[in-house]
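Descriptive analysis of the structure
Read off the chains here:
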Amino acid sequence: MKATALLRYTDIDHPDAVFDTTLPNPPAPTGHDLLVRVHAVSVNQLDNRVRRPKDKVEPAPRVIGYDAAGIVQAVGPDVTLFQPGDAVYYSGDPSRPGSHAELQLVDERIVGRAPATLSMAEAAALPLASLTAWELLFDRLRVQPGRSILIVGAAGGVGSMAVQFAARVAQLEVIATASRPESAAWVRSMGAHHIVDHTGDIAAQLAAAGHPQVDYVVLLADTDRYFETAAAAVAPQGAIGLAVEATQPANIGLLWDKSVTLVWEMVYTRIDYRTSDLDRQHAILNQIAALFDHGVLASPVTSYLAPINATNLRAAHKHMASGRAIGKLVLEGFPA
Ligand SMILES: NC(=O)c1ccc[n+]([C@@H]2O[C@H](COP(=O)([O-])OP(=O)(O)OC[C@H]3O[C@@H](n4cnc5c(N)ncnc54)[C@H](OP(=O)(O)O)[C@@H]3O)[C@@H](O)[C@H]2O)c1
C-alpha cells in the first residue's frame, strides 16, 4: 500500500521527517478491528507534536495521522457495528499505525458512521476536533442550555466545532475569542454571538459585551497564559474546561471562593486507558453525523490539498505549526 511515513523525528524539511513509501498491507482484521481503505485525512496539532524533533530513530517507517474517512474493506470476527462497504470516520489510536496510508486497522468502538451529506474530505476533517469539543462540553462540563460560555482560541479546528456545539446543539450564549478580522468572521459564521480579541483586555471586552462573568470558560490555547483570566471570568458555581496541557503550576486556589469546577479533556483518555466506555466515541461520532445530516452543523473545512503525499503533508504540518490555521485543513486521495 502507498503511505507517507517518518523514520526520524526532526524538522519538517528533513527528508526523513515525512516521505512517500510503499509498505506491506496490514494483516486481516482480528477482534473488534475494521480494515479501512482511507480516502481522506486531516492534520491536527498532534501530528506536529508527535513528529517534533527528538533523539529517536524508528527501525521501520512509521505512519502517523489521526483523522480519516474511508470505506470498510473487511471486519474482524468480533465486529458488530459495521460491515464491508460502510463509509466511516474516526480519529484512531495514537499507539497504532496512523491514517496516512491507503489501508488502516482501527477498533470499531472508536469509529462512527460517516455523515451521508458530507464528502469524504469533509468527514475526515471532523473526528479529533469534534470528539475533543464534544467530550469537553457534554461529558466533562455537562453544559446546561441557556447558560453562557467563553471559548478562548475559537477559530481553529477544535474551536470551530466547540462554537458550533455550544451555540447550535447546547443552545448556549457563546462568546468566542479571535484576534484577526478573518478569524473573527469565521468564528461568527460558526455561530458565536459575541467576539472578544484575546490579544486585548478580555475582562473589559466581556463586560462591554454584557457578560462580565460567564457560566463556563473553555481554554483551547495556552492554559498557562489564560488560567487566571478564566478564573476571573467564570461565574460563582461555574466551570472551567481545559484542553491544552499546562506547563506551569496553576493557582487552583483562585477557584475556591466561587466553588468553581475545573475539568480536563484529553481526547485519547478512553483509548489510552481502554476505559469501560470506549464505545462512547462511536456513539458521539454517530450523533455528530446525524447533526450534520439534519443540517444543524456546518463543515469546518477551509483548506484542501490532494493527494495525500509527503509534499502536501509537509505543507499541512507547516500550516498547523503557524498557529494561525482557521477551521480545518484536509487532504484527499493517494497518488495514482
Ligand atoms: N486535549 C485534547 O484532547 C486536545 C485535542 C485536540 C487539540 N488540542 C489542543 O487544542 C488546541 C487547539 O487545537 P486546534 O487544532 O484547534 O488548533 P489550531 O487549529 O491550530 O488553532 C489555530 C487558531 O488558534 C488561535 N490561537 C492561536 N494562538 C492563540 C492564543 N495564544 N490564544 C488564543 N487563540 C490562539 C488562532 O486564532 P486567531 O488567529 O484568531 O488568534 C488560530 O486561528 C491546541 O493546543 C491543541 O494541541 C487538545
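First, a word on what this report is: a plain description of the structure on this page.

Conventions used here
- Residues numbered from 1 in each chain as written.
- Predicted model: local features only at pLDDT ≥ 70, side-chain atom pairs only at ≥ 80, totals over all residues.
- Heavy atoms only, no water.
- Pairing = 2+ DSSP bridges.
- Helix = DSSP H or I, 4+ residues; strand = E, 2+ residues; numbered from the N terminus.
- Axes fitted to C-alpha atoms, helices over the stretch in contact; angles between N-to-C directions.
- Contact = heavy atoms within 4.5 Å.
- Near = heavy atom within 4 Å.
- Polar contact = N/O pair within 3.5 Å; in protein donor to acceptor, adjacent residues only side chain to side chain.
- Nonpolar A, V, L, I, M, F, W, Y, C, P; charged D, E, K, R; others polar.
- Domains from an automatic or database assignment.
- Phe/Tyr/Trp six-rings, centres within 6.5 Å; stacked < 30°, edge-to-face > 60°.
- Buried < 20%, exposed > 50% of the residue type's maximum accessible area, 1.4 Å probe, protein only.
- Arc of directions from axis to C-beta.
- Salt bridge = Lys/Arg side-chain N within 4 Å of Asp/Glu carboxyl O.

1. Brief notes about the sheet that holds strand E2 (residues 19–22)
Taken in spatial order, the 3 strands line up as E2-E1-E4 in an open sheet, and their pairing is antiparallel. Each having just a single partner strand, E2 and strand E4 (54–62) make up the two edges of the open sheet. Here the strands of the sheet are splayed against their neighbours by 40° on average, with no regard to which way each runs. Examined bridge by bridge, strand E1 (residues 2–9) and E4 share 3 bridges and lie antiparallel to one another. Each bridged residue has a counterpart across the sheet, and for Arg 8 the counterpart in E4 is Val 57.

2. So, the environment of Leu 137
Among the structural elements, Leu 137 can be located in helix H3 (residues 127–140). Residues Leu 137 and Gly 241, 104 residues apart in the sequence, show an inter-C-alpha distance of 8.0 Å. Those residues in contact with Leu 137 that lie beyond four places of it in its chain are Arg 142, Val 143, Ile 149, Ala 162, Phe 165, Ala 166 and Val 218.

3. Observations regarding the site of the ligand
Taken together, 26 residues lie near the ligand, and Gln 45, Ser 179, Ser 183, Tyr 226 and Ala 325 sit nearest. Between the ligand and the protein, one listed contact pairs an oxygen atom with a backbone N or O atom of Val 267 at 2.7 Å. Secondary-structure elements contributing two or more residues to the shell around the ligand are H3, helix H4 (157–169) and helix H7 (223–233). Residue composition of the shell around the ligand, by class: 13 nonpolar, 9 polar and 4 charged. Taken domain by domain, the makeup of the shell around the ligand includes at least three residues from each of domain 1 (2–125 + 275–332) and domain 2 (129–267).

4. Topic: the packing of aromatic side chains
All chains considered together, the criterion is met by 2 aromatic pairs. Seen in terms of ring centroids, Trp 134 and Phe 138 are 4.4 Å apart; in terms of plane orientation they differ by 50°. Their pairing is tilted. Here Trp 134 pairs with Phe 138, and both are found in helix H3, just 4 residues apart, close to one helical turn. Ring centres of Trp 134 and Phe 165 lie 5.0 Å apart, and the angle between their planes is 80°; on these two criteria the pair is classed as edge-to-face. Placement of Trp 134 in helix H3 and of Phe 165 in helix H4 is noted, with a sequence separation of 31 residues between them. Grouping residues by exposure puts Trp 134 and Phe 165 together as buried. By the ring-pair criterion, three or more aromatic residues cluster together here, those being Trp 134, Phe 138 and Phe 165.

5. Some thoughts on H7
Within H7 the residues assigned to the buried category are Thr 223, Tyr 226, Phe 227, Ala 230, Ala 231 and Ala 233. One side of H7 holds all its buried residues, which, seen down the axis, span an arc of 160°. Relative to its buried face, H7 has exposed residues pointing more than 90 degrees away, namely Glu 228 and Ala 232. Residues of H7 that are buried make contact with strand E9 (148–152), helix H6 (202–208), strand E12 (214–219), strand E13 (234–242) and strand E14 (261–264).

6. Looking at the pattern of salt bridges
In total, this model carries 15 salt bridges according to the counting rule given. A salt bridge links Asp 277 to Arg 270; the shortest N-O distance between them is 3.0 Å. We classify Asp 277 as partly exposed; its relative accessible area is 32%. The exposure class assigned to Arg 270 is buried, which follows from its relative accessible area of 6%.

Any functional reading would require information that these geometric values do not contain.
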